[in-house]
Every structure is written in structure tokens, then in C-alpha cells.
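As a plain string of letters, each chain reads:
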Amino acid sequence: MADRWLDDEQQRTWRAWLTVSELVPRALDAHLQRDAGLSHAAYVVLAMLSESPTRSRRMSDLARRANQSQSRLSHTVARLEERGWVRRERAADDGRGNLAVLTDAGYDVVVAVAPGHVDAVRETVFGPLTAEQTRVLGEALQTIAARLDPDRTLRVRDGADLAD
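As the structure is a prediction and not an experimental result, all values here were calculated from the model.

Caption draft 1: Examining the sheet that holds strand β2 (residues 86–90) more closely. Across the sheet, three strands lie side by side as β1-β3-β2; this open sheet has antiparallel pairing. Across the chains shown, the open sheet's two edge strands, defined by having one partner strand only, are β1 (56–58) and β2. In this sheet, neighbouring strand axes are inclined to one another by 25° on average, regardless of whether the strands run parallel or antiparallel. The sheet contact formed by β2 and strand β3 (residues 98–102) spans five bridges and is antiparallel.

Laid out in C-alpha cells, this is it:
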């Protein structure tokens, strides 16, 4: 019966994870809202587009990279289109898929906002940790990701798996 429940250390760790997984995105979102009038979800979409050599991605790929459902991504892109930061195009290679394309104005937003966002991530996530704690946290998260995605089909390969 004892194996049925989390032990005290596991329970503390689980509760800490639940808290951090709620508070970190909220803190980053508040920072981006305050500094750029932009949600964290919208910033991630802009950032993922800016990392592409063509500043464009298929909507399905962008949804995976931005960790958004297709429906949520469609709404996010629509809001970014209204601001002139993204436009949609039909994929030229097959004519079937849709691309989200980062406009020059959208790229300017990423360039302006990214340094503050990096500072906020560094302060929020890594500021309280020692170098050793950062290393251990990274190893633990990679181990969990490997268990959840053993064939590596769900993870983004460039940027998210720096251990490759």
C-alpha cells in the first residue's frame, strides 16, 4: 500500500513542480505584457519564426515548436496578423499547407523584446540556482523528456535538445 502514494520527498518535489510550472509562465507573461504588450504565447510564436532562416514555418510545425494546439496557434497568429507582425501564405512547395511568415515589423519586435525576455528567464529560472543546481535540473528534465518521448518525435531538435 505504501508504494501506492508518493513518499514525502516525491510529494514535495511534485508540488514544487506544479507551483513552478504555473508561476514561471505567469511571471514571463507578465514581463512581456508590461514591456511589450505581448503574451508569452505570442512571443514564442514570433521567436520560433525568427529562428527559421526564411522567417517562416508551416503552421503544423509552428504549433509543435510553440507548444500550442492548431486551434490556439490559429488564434495567436490571427492576433499577430492584426498587428502586422505575421502574415499567412500558402506553402509554395505543395500548395496544400499554410505558412506563418514573420514580417519585418514582427522581426523588429523580436529584436527589441528578446534581450529583456532573456534577462527575465535568467532571473526567474536560473537566478535562484547555483551552477550545480542548474546542471542537475537540466539533467532531470532531459531524463523526464526522454521517458515521455523515447523516439524523440515530439521534441524540437534545434534548440530544445542541446545535449545531442
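The structure having been displayed, the exposition proceeds.
Caption draft 2: Looking closely at the nonpolar core. Counting residues in each nonpolar core, the largest one holds 25 residues, and the members touching the most others are Leu38, Val45, Leu46, Leu62, Leu80 and Val86. Elements supplying a minimum of two residues to this core: α2 (40–50), α3 (59–65), α4 (70–82), β3 and α5 (104–126). Setting aside its immediate chain neighbours within four residues, Leu62 contacts Val45, Met48, Leu49, Arg57, Leu73, Val77 and Ala100.

Caption draft 3: The arrangement of unusual backbone geometry in detail. For Arg55, which is not glycine, the phi dihedral falls at a positive 55°. Here Arg55 is to be found in the loop between α2 and β1. Residue Arg55 is classed as partly exposed on the basis of its relative accessible area of 25%. Look at Asn67: it is not a glycine, yet its phi comes out positive at around 55°.

Caption draft 4: Molecular detail of the packing of aromatic side chains. This model, assessed by the stated rule, comprises zero aromatic pairs. One residue, Arg55, lies across the ring of Tyr107, its end atom 3.7 Å from the ring centre.

Caption draft 5: Quick peek at the packing of helix α1 (residues 8–36) against α5. In the contact formed by α1 and α5, the axes pass within 10 Å of each other and the chain directions differ by 150°. On the basis of the axis angle, α1 is roughly antiparallel to α5. Like other packed secondary-structure pairs, α1 and α5 cross with a definite hand, here right-handed. Contacts between α1 and α5 involve Val24, Ala27, Leu28, His31, Leu32 and Ala36 from the first element and Val113, Gly116, His117, Ala120, Val121, Thr124 and Val125 from the second. Grouping the amino acids of the contact of α1 with α5 by side-chain chemistry returns nine nonpolar, four polar and no charged.

Caption draft 6: Molecular detail of the packing of α2 against α5. Viewed as axis vectors pointing N to C, α2 and α5 meet at an angle of 115°, and their least axial separation amounts to 10 Å. With respect to their mutual orientation, α2 and α5 come out roughly perpendicular. Here the hand of the crossing between α2 and α5 comes out left-handed. Across the interface between the two elements, His40, Tyr43, Leu46, Ala47 and Ser50 of α2 pack against Tyr107, Val109, Val110, Val113, Ala114 and His117 of α5. Counted by class, the contact of α2 with α5 contains eight nonpolar, three polar and no charged residues.

Caption draft 7: Up close: the environment of Asn67. Of note, Asn67 is situated in the loop between α3 and α4. Judged by its relative accessible area of 69%, Asn67 falls in the exposed class.

Caption draft 8: Spotlight on the environment of Glu132. Along the chain, the position of Glu132 falls in helix α6 (residues 131–148). Among the polar contacts listed, one links the side chain of Glu132 to the side chain of Arg135, at a separation of 2.4 Å.

Caption draft 9: Up close: the pattern of salt bridges. Throughout the structure, instances matching the rule amount to twelve salt bridges. Note that Glu22 is salt-bridged to Arg26, the shortest N-O span being 2.7 Å. Of this pair, Glu22 and Arg26 are both found in helix α1, four residues apart, which corresponds to roughly one turn of the helix. Overall, the relative accessible area of 43% leaves Glu22 in the partly exposed class. One salt bridge in this structure joins Arg135 and Glu132, with 2.4 Å as the shortest N-O distance. Here Arg135 and its partner Glu132 are both found in helix α6, three residues apart, which amounts to about one turn of the helix. Classification of Arg135 by relative accessible area gives partly exposed; the value is 40%.

Conventions adopted
- Residues numbered from 1 in each chain as written.
- Predicted model: local features only at pLDDT ≥ 70, side-chain atom pairs only at ≥ 80, totals over all residues.
- Heavy atoms only, no water.
- Pairing = 2+ DSSP bridges.
- Helix = DSSP H or I, 4+ residues; strand = E, 2+ residues; numbered from the N terminus.
- Axes fitted to C-alpha atoms, helices over the stretch in contact; angles between N-to-C directions.
- Core = buried A, V, L, I, M, F, W, Y, C linked by side-chain atoms within 4.5 Å.
- Buried < 20%, exposed > 50% of the residue type's maximum accessible area, 1.4 Å probe, protein only.
- Contact = heavy atoms within 4.5 Å.
- Phe/Tyr/Trp six-rings, centres within 6.5 Å; stacked < 30°, edge-to-face > 60°.
- Lys NZ or Arg CZ within 6 Å of the ring centre and 35° of its normal.
- Parallel < 35°, antiparallel > 145°, perpendicular 65-115°, else oblique.
- Left-handed = near helix turned anticlockwise from the far one by under 90°.
- Nonpolar A, V, L, I, M, F, W, Y, C, P; charged D, E, K, R; others polar.
- Polar contact = N/O pair within 3.5 Å; in protein donor to acceptor, adjacent residues only side chain to side chain.
- Salt bridge = Lys/Arg side-chain N within 4 Å of Asp/Glu carboxyl O.

Note that all results are geometric; they support no functional claim without further evidence.
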